[in-house]
Structure formats: structure tokens, C-alpha cells
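# Chain and residue survey
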Amino acid sequence: MTVPAPTGPFAALREQLAEAAATFGGSPDAVAGILAGIVDDVDRALGEPLEIFPVCHHSPASALAMVRRLRAKQPKVIYLELCEDLQPLLGELRNCRLPVAVQAFASELEGFPAEWGPLSVVAPVTEASAEYQAIAYALDTPGVELVLVDRSTDHIFQWTPRDDTPAEGGDTAPPAALDEDAGLHGDAVGVEIGELRPRFAELEAYLLHHGKVRHWSEWWDQYVEQPLADADHDTYRQVMVLIGSLFRRLRPAGSDRTDRDEDRERYMWTRMRQHLAASGADPADCLYVCGAFHAASRVEQFGIAADAPPFEITPRTGTRWRYGLIPSSHSAIEAQFGLASGAVSIAAAGWQKAISRSGLAPFRLDGQRGGRTRRGKGGPAAPVTDRLSGFLAAPPTPGGLDEAELRGWCVDIVRLARRNGYLASTADAIAVFETSILLAGLRNRARPTPYDFADAAVTCIEKDVVPGRRDVRRLCEILLGGDRVGQVGYDALPPLARDVLDRLAPLGLDLEKRTVQRALLDLHGDPALAPCSDLLWMLRHLLPPDAVRPIMGERRLGHRSIQESWDLALGRNQRALIELGYEGVTVEQVLEQRLRRAVRGPRATAALALEAVEDAIRLLDSPRLVDELGARAVELLAAERTVDDAPEVLRRIRRLLAHHRASGALPAWCRAFVTTGYAHYCTLLPTAVVDEETGVRQVGAMLGFLFGMEGLALSLGCDRSQLELAVAQSHPESPAKVALLWAARHQLGLLSLAELRERCAQLLGNPLVVPAFPQYLSGFVQALEPVPALAPFVVETMSTAFARLPDPVLLPWLPTLITTLREQGPELVPLLVREAGRTFPGTLPALDAWVPPWIAPSPTAVAAPAVAAGPVAALLAAHPEPVDAVAALFGCDAAWQPVDVPPGASDVAGLLAAHPDTVDAVAGLFTAAGR
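What you are looking at is a predicted structure, and each value in this text was computed from that prediction instead of being measured. (Residues numbered from 1 in each chain as written. Predicted model: local features only at pLDDT ≥ 70, side-chain atom pairs only at ≥ 80, totals over all residues. Heavy atoms only, no water.)

In this section: the pattern of salt bridges. The full count for this structure, using the stated rule, is 41 salt bridges. Between Asp 534 and Arg 560 there is a salt bridge whose closest N-O contact spans 3.5 Å. With a gap of 26 residues between them, Asp 534 in helix H19 (residues 530-542) and Arg 560 in strand E14 (residues 559-560) connect regions that are remote in the sequence. According to the relative accessible area criterion, Arg 560 is exposed, its value standing at 52%. (Salt bridge = Lys/Arg side-chain N within 4 Å of Asp/Glu carboxyl O. Helix = DSSP H or I, 4+ residues; strand = E, 2+ residues; numbered from the N terminus. Buried < 20%, exposed > 50% of the residue type's maximum accessible area, 1.4 Å probe, protein only.)

On to the sheet that holds strand E8 (residues 286-291), then. Reading across the sheet, the four strands line up as E1-E8-E2-E6 and stay open at both edges, with parallel pairing between neighbours. Taken across any chain shown, the strands that pair with only one partner, and hence form the sheet edges, are strand E1 (51-55) and strand E6 (145-150). Between one strand axis and the next, the sheet turns through 30° on average, direction left out of account. (Pairing = 2+ DSSP bridges. Axes fitted to C-alpha atoms, helices over the stretch in contact; angles between N-to-C directions.)

Moving on, we get to empty space enclosed by the protein. If a probe the size of a water molecule is rolled over the atoms, the empty space left behind becomes visible. Following the criterion strictly, the structure yields six cavities of 30 Å³ or more and no others. Empty space within the second largest cavity amounts to approximately 120 Å³. If you trace the second largest cavity, you find 13 residues lining it, with Thr 126, Glu 127, Ala 128, His 330 and Ala 348 closest to the centre. With five residues, the single largest contributor to the lining of the second largest cavity is helix H12 (residues 343-358). (1 Å grid on protein atoms, 1.4 Å probe; cavity = no way out; pocket = protein on both sides within 12 Å on 5 of 7 lines; lining within 4 Å. Points joined across faces, edges and corners; volume = space filled by probe spheres on them.)

When pLDDT is averaged across the protein chain, the result is 81; 83% of the residues are at 70 or more. Per-residue pLDDT stays below 50 along residues 1-6; that stretch engages in eight contacts with residues further than four places along the chain or on separate chains. For residues 858-868, every residue scores under 50 in pLDDT, and the model assigns this stretch eight contacts once sequence neighbours within four places are set aside. (pLDDT = per-residue confidence, 0-100. Contact = heavy atoms within 4.5 Å.)

Take the side chain of Arg 555 next. Structurally, Arg 555 can be placed in strand E13 (residues 555-556). With sequence-adjacent residues up to four places away left out, Arg 555 is seen in contact with Ser 533, Asp 534, Trp 537, Arg 560 and Arg 618.

Read across the open sheet, the three strands follow the order E11-E15-E12; overall the sheet is antiparallel. The open sheet has two edge strands with one neighbour each: strand E11 (517-522) and strand E12 (548-552). The average angle at which neighbouring strand axes cross in this sheet is 25°, direction not considered. Inspection of the sheet shows E12 paired to strand E15 (residues 563-568) by four bridges, in the antiparallel sense. Following the sheet pairing, Pro 550 is matched in E15 by Trp 566.

For the rest of this paragraph, the subject is the packing of helix H23 (residues 623-639) against helix H25 (residues 668-688). In the contact formed by H23 and H25, the axes pass within 9 Å of each other and the chain directions differ by 10°. What the angle tells us is that H23 and H25 run roughly parallel. Residues Val 626, Asp 627, Gly 630, Ala 631, Ala 633, Val 634, Leu 637 and Ala 638 of H23 lie in contact with H25, whose contacting residues are Trp 669, Ala 672, Phe 673, Thr 676, Gly 677, His 680 and Tyr 681. Tallied by class, residues from the contact of H23 with H25 come to ten nonpolar, four polar and one charged. (Parallel < 35°, antiparallel > 145°, perpendicular 65-115°, else oblique. Nonpolar A, V, L, I, M, F, W, Y, C, P; charged D, E, K, R; others polar.)

Another point: a nonpolar patch on the surface. A cluster of nonpolar residues, Leu 876, Val 883 and Trp 896, forms a patch on the protein surface that exposes about 250 Å² of accessible area. Note on placement: Leu 876 falls in helix H37 (residues 871-878). The exposure class of Leu 876 is partly exposed, given its relative accessible area of 38%. (Patch = residues over 30% accessible without salt bridge, like charges linked within 9 Å, V, L, I, M, F, W, Y side chains within 5 Å. Areas by Shrake-Rupley, 256 points an atom, 1.4 Å probe, with all protein chains shown as cover.)

Next up on the list: helix H15 (residues 426-442). Between its first and last C-alpha, H15 extends 24 Å over 17 residues, near the 24 Å set by a 1.5 Å rise per residue. Packing partners of the buried residues in H15 comprise helix H14 (403-419) and helix H16 (450-462). Looking one or two places after H15, you find Asn 444, whose phi comes out positive at around 60°. (Expected span 1.5 Å × (residues − 1).)

Turning our eyes to something else, we now look at the packing of aromatic side chains. Enumeration according to the criterion identifies 18 aromatic pairs in this entry. Ring centres of Phe 105 and Tyr 582 lie 5.5 Å apart, and the angle between their planes is 40°; this geometry places the pair in the tilted category. Of the two residues, Phe 105 sits in strand E4 (residues 100-106) while Tyr 582 sits in the loop between helix H20 (574-581) and helix H21 (587-600), which places them 477 residues apart along the sequence. For Tyr 582, a relative accessible area of 4% translates into the label buried. Arranged with centres 5.2 Å apart and planes meeting at 70°, the rings of Tyr 681 and Phe 705 form a pair that is edge-to-face. Taken together, the positions of Tyr 681 in helix H25 and Phe 705 in helix H26 (residues 696-708) put the pair 24 residues apart, joining distant regions of the chain. Like Phe 705, Tyr 681 is buried. Pairwise contacts between aromatic rings join Phe 112, Trp 116, Phe 157 and Trp 321 into one cluster. The lysine or arginine in question, Arg 71, covers the ring of Phe 363, its NZ or CZ lying 4.2 Å from the ring centre. (Phe/Tyr/Trp six-rings, centres within 6.5 Å; stacked < 30°, edge-to-face > 60°. Lys NZ or Arg CZ within 6 Å of the ring centre and 35° of its normal.)

On to the layout of surface pockets, then. Space inside the second largest pocket adds up to approximately 460 Å³. For the second largest pocket, the lining is made up of 16 residues, of which Ser 107, Gly 117, Pro 118, Arg 597 and Ala 598 are closest to its centre. Looking at side-chain class alone, the lining of the second largest pocket contains eight nonpolar, three polar and five charged residues.

Let us look at the nonpolar core. Judged by nonpolar contacts, the single largest core of 203 residues is most densely connected at Leu 504 and Phe 673. Tallying contributions element by element places H25 first for this core, with ten residues. Ignoring any residue separated from it by four or fewer positions in sequence, one finds Leu 504 in contact with Leu 511, Cys 532, Leu 535, Leu 536, Leu 539 and Leu 570. Among the nonpolar cores identified, the runner-up in size contains 28 residues, and Ala 340, Val 414, Phe 453 and Ala 454 belong to it. (Core = buried A, V, L, I, M, F, W, Y, C linked by side-chain atoms within 4.5 Å.)

Time to look at the pairing of E11. By the alternation rule, side chains of E11 split into Gln 517, Ala 519 and Leu 521, which are all buried, and Arg 518, Leu 520 and Asp 522, of which none is buried. The sheet contact formed by E11 and E15 spans six bridges and is antiparallel. Within E15, the residue paired with Asp 522 across the bridge is Gln 563.

What describes two packed helices is the angle between their axes and the distance between those same axes. Running from amino to carboxyl end, helix H3 (residues 60-73) crosses helix H8 (residues 233-250) at an angle of 135°, the nearest separation of the two axes being 10 Å. One way to sum up the angle between H3 and H8 is to call them oblique. Judged by the twist between their axes, the crossing of H3 over H8 is left-handed. Across from Ala 61, Ser 62, Ala 65 and Arg 69 in H3, the residues of H8 making contact are His 233, Tyr 236 and Met 240. Among the residues making up the contact of H3 with H8, the classes are represented as four nonpolar, two polar and one charged. (Left-handed = near helix turned anticlockwise from the far one by under 90°.)

Here strand E5 (residues 119-125) lies mainly inside the structure; seven of its seven residues are buried. The pairing of E4 with E5 spans seven bridges and is antiparallel. What sits directly across from Val 100, in E5, is Val 125.

Together, Asp 644, Asp 691, Glu 692, Glu 693 and Glu 733 make up a negatively charged patch on the protein surface. Within the secondary structure layout, Asp 644 lies in the loop between H23 and helix H24 (646-663). (Lys, Arg positive; Asp, Glu negative; His and termini not counted. Charge placed at Lys NZ, Arg CZ, Asp CG, Glu CD.)

Next up, the structure:
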């Protein structure tokens, strides 16, 4: 390409760069186009009548330059690169302790893919940032207007391709694994002024290698921050635009991110021209604060005098956005924007040091710590002159070693290391001091930087052992500034968060602290604390587990503790509490909305609806809501085509039925659920027993529902023939399901216990079936759910299997049985244990002479009494009339066997004959009931 004739204040620099490109590139066209284009971008940006102030995010040099420029120029209008719909929140920053993040949140999406939800956007603000200095100046200076001109949060996601996630849409999202403070932003998308980093991997690797640094934050601090900290305004602007133009021109062509960045620039220039036309403001009294990358823009809408048509701004979607402030931290900002660990803390420390050295008074919002600072008088803007040539040609300004500062660091890091378990001494402090100087010399630095000091401390103190949970590099970050965590003030909280703090005030705790606090509630001695207990249980359901954690006490159906103990960390989980406030005004409203949303969602199931019903009963005193959720559970159960959730449905409906029976009559939805479930599971049973994907536990739960709810279902109008037909039509092939079906037929009276024993004996006697017998036994164990009366038979069958199965079959099966019972049937184990305790003798001598009761006696032994009968058997044998009447009622014709009455067994009959009053009273009760 042909380099244009040098004109303007940067003509000499442009010509010099073209000559350098021809000399080192071997051709005037190889690099000259890029270098000349960079100078053109600088010339264009600085020649714009509306002054452009380029910044880099969380850069002390940018903040210092901003303070100087605001005091000198005192603009009347500040255009700020920040989402325009966040402007109403900026005034609430005065009620917060920085750093905090301005947030936009949306949970109900309209116009976006449902899988993106919930959407969240954060814009962190720290005191050592140019944007905060501009905000503080504009909000606390009379007659100054602050205008946010960047795209709205809705447009951020509008411009995200539909095949990407929001985190890939051009802004930044934090990594998945974060510690507590680094995760304060959650999974929100971060937007910030001036993200200045080369998007050219080879260039960044080249700069890091030749700069002898490990990461980009250290390179930026060494080669940009430090040289620009004391630079004048013109030098600062020209260098920042130069860097932004360089990174812009080296970005790979055809990037989707480049297209979105250019659309942002068109959006911002359109908004600024609209405001200038509407307000009549003089561009000379305005200041445009944007990232250095955008300052070097080449879009056709650039400049207030551009001839290009205005950029067409699409309307926002119907998504309802909610706005608020959430706490942030240095580590959260580092994680959000890919900065090195400790970079923001080091920048904050450098900001404080630069403020002290320069004597500048930074701007702070009224009401924040430090109060309002005085402002100087401004002067007219100076004409643009070439400062780049001198800055690029001049060697780095030599800075002397601040021995006092470095010595203080070394002493403090040794003291901090000893507190954290390291065996550090004065010798280590000396070693860190000398090693820091050595590393700075090896890296061609005039003085050790905080990064050199951290590397030296790791080398000299940590060695290869970390005795505690903090390594030396983390201790250096704490020493050099720490991970400062912000807090949103009470007045800036949403109504729900303020309501929570007000309602928990009777606990007498400062819940805004970030420490974990213990709350003790004696609900019996102080009933006034009951509302606090109710609120804490609701917060336990809505907030993260560590925010509200019960230590003592529980709340289940029909039970409330009289004493409770809680660990509260609401201050540490302030973000979650604030985001809860986006969903409603009170906790009760949010909980009710979430329960309704859970049962109406696309993934709602009958088990999930029953869980919602249980939560509504435990946490909310709203019978109307319980009936609504219960009716929805009936609808979901009738619509299900699988039985995957049958165990959970059975467990929850049993608990709910027991609760309602104890508290009064069954509600209509419970009766409907039982009748619907009875017909539903009868219909699905023949299919489920042959479906390979349906487990034996699911089939057992279905049968448990049918047999356990049979009495109630029949009383509500169901027909028992449904169940009999379903069992008759079931033809399972899996051995475990076959055993389950046998148990079901036994429960229906279609298969006697003697026939069950005979079938099991046949299985054990068939060598071809013996390897599969453990599967039959697993089915019998699962049959304890629908037929708990089979427990003696299951113990008998397991004992027989242990006695007769060969070891190659038995030993591999035992671990499987144990793990299966632990995972799928833990509630069945107590039944087996209790039955085994009743069956087997309790002492070793008795075990030697013990005969299993399931061994069939001989026919002669059956005719004679086998054992001496107890008092109950003797009483029934002496008075057989009631038993005969009951047998006749059921259509049974059984003959009585002779019973030996042991001595003393007839004492019961004699006792009743001697004292007939009790029997007469009981008879009178039954007579009255019969009437």
C-alpha cells in the first residue's frame, strides 16, 4: 500500500515509523500500513471536537489521569461507556462500600432461548478505576450530567449468536470453579470499560516472553501502568489510543467479536449525537470516557460530524429486567476478566501510593468513607501536540530502590508466614529482600515490583511444603492489599432484603457482617421468636446451603422444634439475598412463585409436585396453595408414561396421607391422587414388568402403592378387579420381577405360602437355575415394600440360600446384595433385621440345638400338638365360638387342632371368670356401637 503524505501534528512520527518499517521489514509495504494506520488512529481520535478519554479497566494510571483531567477541564456532560439502562442505579453507590457490581438480572425470558436463563450482567466498580472517578464527579457536582451510552443489557444478549451461550457473546464470564470470594459474581456476564488485551495469541506470548513476565497483568503493570502513572494528559491519551489501535489492528480478521465491538461503537456515537441534538450541549464542554480499544474506532459513525446515517437501534425484547447492586471483590473481578491473581489488589495498593505521592484528592461520592473532596478550577483545553515521539524514544525513567518499602514487605511476609505455619525466620526476610533485587535485575527492572517480591517470597519461604491452607503467593496478595470485599448498604438493598433484615432484628445480631453468627431460639420460652424461625426455614429453602444452616432443630410435617440453633452468614451471601429480591417483595411471595413455577415447568413430575406440596405445608400456612399444588400433582401423575419416580411418589404420598389423617380429614386432592394413582399404576403394571429399563425397585414401589393404598382406594370407589387383571396380565421375564409378581399373587390370595416355598425349593434344586437364584432373592427383598408380611418368608429363603448355594455363586452375590439394599432399599433392612432377631436364637448355646421353624414337620407331628400353646391359644381353644363366627363370615371351614394347655395357661380364663365386670363393660361398648 502507499503511505499517505505526512500531515498534521504526527507527520514526523508517521514518517519515522514508515522508515523503520522499510528498514527492519525489508519492504516499505510490509509493516508500514499497520504503523501508519496506528498513527492515523491517534490523529483521528485526538482531533475529534468531542474529547475522547481512553481508559483501561481498573487501571490506577487511568484513574489518576481521569482525576487530573476532571479537575482541569470540569466538563458539564460526561458520556460513559456503560450499559444505558444501569444509570438509575449509580446514585446508590454512595450507600455501598466498594467494590460492588451494578447488576441486571432476568429470570423470565421473552425473545431469548429458554436454556440461557436466568440472564445476569454485572459491571464491577472499584475506587481505583476511571469510571468511578467520573461517576463520583458527575453525581456530586451541580450542573454536571452523566449519560451512559453503551448498549443496554438486553442488547448484549440480542447480539449474542443463538448457537452460543451468553458467556461467549463478546463479554466475559467467570470460570466454573471459584472460591467463595471469587464467586461473588456467580455465573453473570461481565461488562466493563476498557478491556485492553491483545486478542492475538502469538503477540501476547511474544510480549510476555521478551518482557520476562508470566502473565499479562504483570506486563501491563511494568510497561504501561508505571510509565503512565505520572504522565501528562496529552501523553496519556496518545499512548492509550496507540495501544488500543495496535491491538485492534492485530486482531484476526473476520472475528464475530470485532463485528459486535463495531456495533457497540456505532451504538455509542448514535446515542451521543442524539443527546447533543436534544440538549444543545457544547461538545467542548463534554467528555467521552471509553475503552482505549473503542477510542481507536474506524466505524463510519465515528465523530459528531460524521456523514454516515445513524445506527439503527433495535427495540428491546419483552424480557423483564431487574436491577440492583451486589457485593464484589478483587478476586471476583480477577476471575471475571481473566486477570492474574492479586492484580486488582496490587493495582489498589498502587492507587493509594500514587495518590499519596502526587497529592491528588480523588473524587468520592458523598456518604462513602472519606467524604466529599474539594475540586480545583479548570482551564481551557490545550491544542494537540505530538507527545508520542518523545515518549516512545525516551528511555524508562530510572526509579531508585525504595528500601524501606521493600524491607517492610519482607518483614511482614515473614511474620504472616509464621502465623500460617511456615518455619520462617529473619534469615528468610533477608533472603527475600536480596532475591527480589536479584530478580528485578534479571528482568531489566529498575526496582523490584510486587510481582518480583511475590516470586522471591515463594522461592525463599514456601520451598516445597504448604503447611496450611494458604500458600505464600496468597499471603503476598493479602499483604500487598488483600482481597477487599465490598458490601451493599441497607438503603441500597431491594425491599425484600431490607424486609428480611428487619424481621430478623429480634435475634439481636448484626446480619450485615460477613462472619458466621450463631442464633439461639428458645421458641418455648420466647414465643415472639416464632416468626424469625418461620423466616429462617423459608430462607433455608431459597438461599445457598451455607447462608442459613440449622444446627439444632428440624421442621417436618406435623412437627416443630421448641428450640433451634442456626449458623447465619447472610452478609457473606448478600448477592444471593439481593437476587432473591428481584423475584418479589417478600420471602413468602418468592417461595410461593417458585413452588408454582416448579410444578408448572416443562420438567415437572408428580414426585416434584408432591415435594412442593410438602414444602408448602411445612413453610407456608396456605391451604389454598396446597390444594392448587396437590391438584397439579394429580394431573402430572395421570400424564406420566413411565414409573421412574414411583419410589419417590410412594414415599411422599404416604407421608402426606399420614399428616392429613393426623390433622383431620383427607383433602379432595389426596383422595383424587389415590384413586388416580391406583388406576394409573394398574394400567402401567403389565408394561413395566417387561420393560428392561424399568428397575425392580420401581415395580416394587408400584405394587407398594397398589397394595398399601388398596383399602383407601376401594373405599373411594376403585374396583379391586383392576389390580387382579393387571397382575394376571403381567408376564415378567427378569427373575427379580418374577419374584415380585409371586409376592403380589400371594398378597391377592392366588398363591399360598406353601406354594411359594415349593417354587423356591424347585429353583434351588435345578442346577441350571441356581446361578440366577440370587436375583429371585433380590426380588423377594424388594417385595417387602408391597407385602411386608412376607418378612418371615424372606428370612427363611435367605437362610436356605446361604445354606445351599455354592460358594462360587453366593460369594460374588453378597456384595451386590449389600450395595443394592444400601442404595435402593435402606428402609427394608430394619424389617429383615427385626424378623431375623425374632427368628434366630439370641445365644450361642441355643443356636447349637436350634431347629429352623420353616422345616416342615412329619405328618404324625402335625396331628399332635407340636409345642405347648401359650395363654392366647389356650383361651381361643377354650372359647372357639368367636373364631368360628369370623371364619364363617369369611367363608372358611377350618377344623380345630388339639392344643396342649400348659400349666398356668388357663389362668387367663379363670381370671376373666373371677372378674367379669371388665368383660361386661367391653361387651356393653360393642353392643352400643352395634346399635
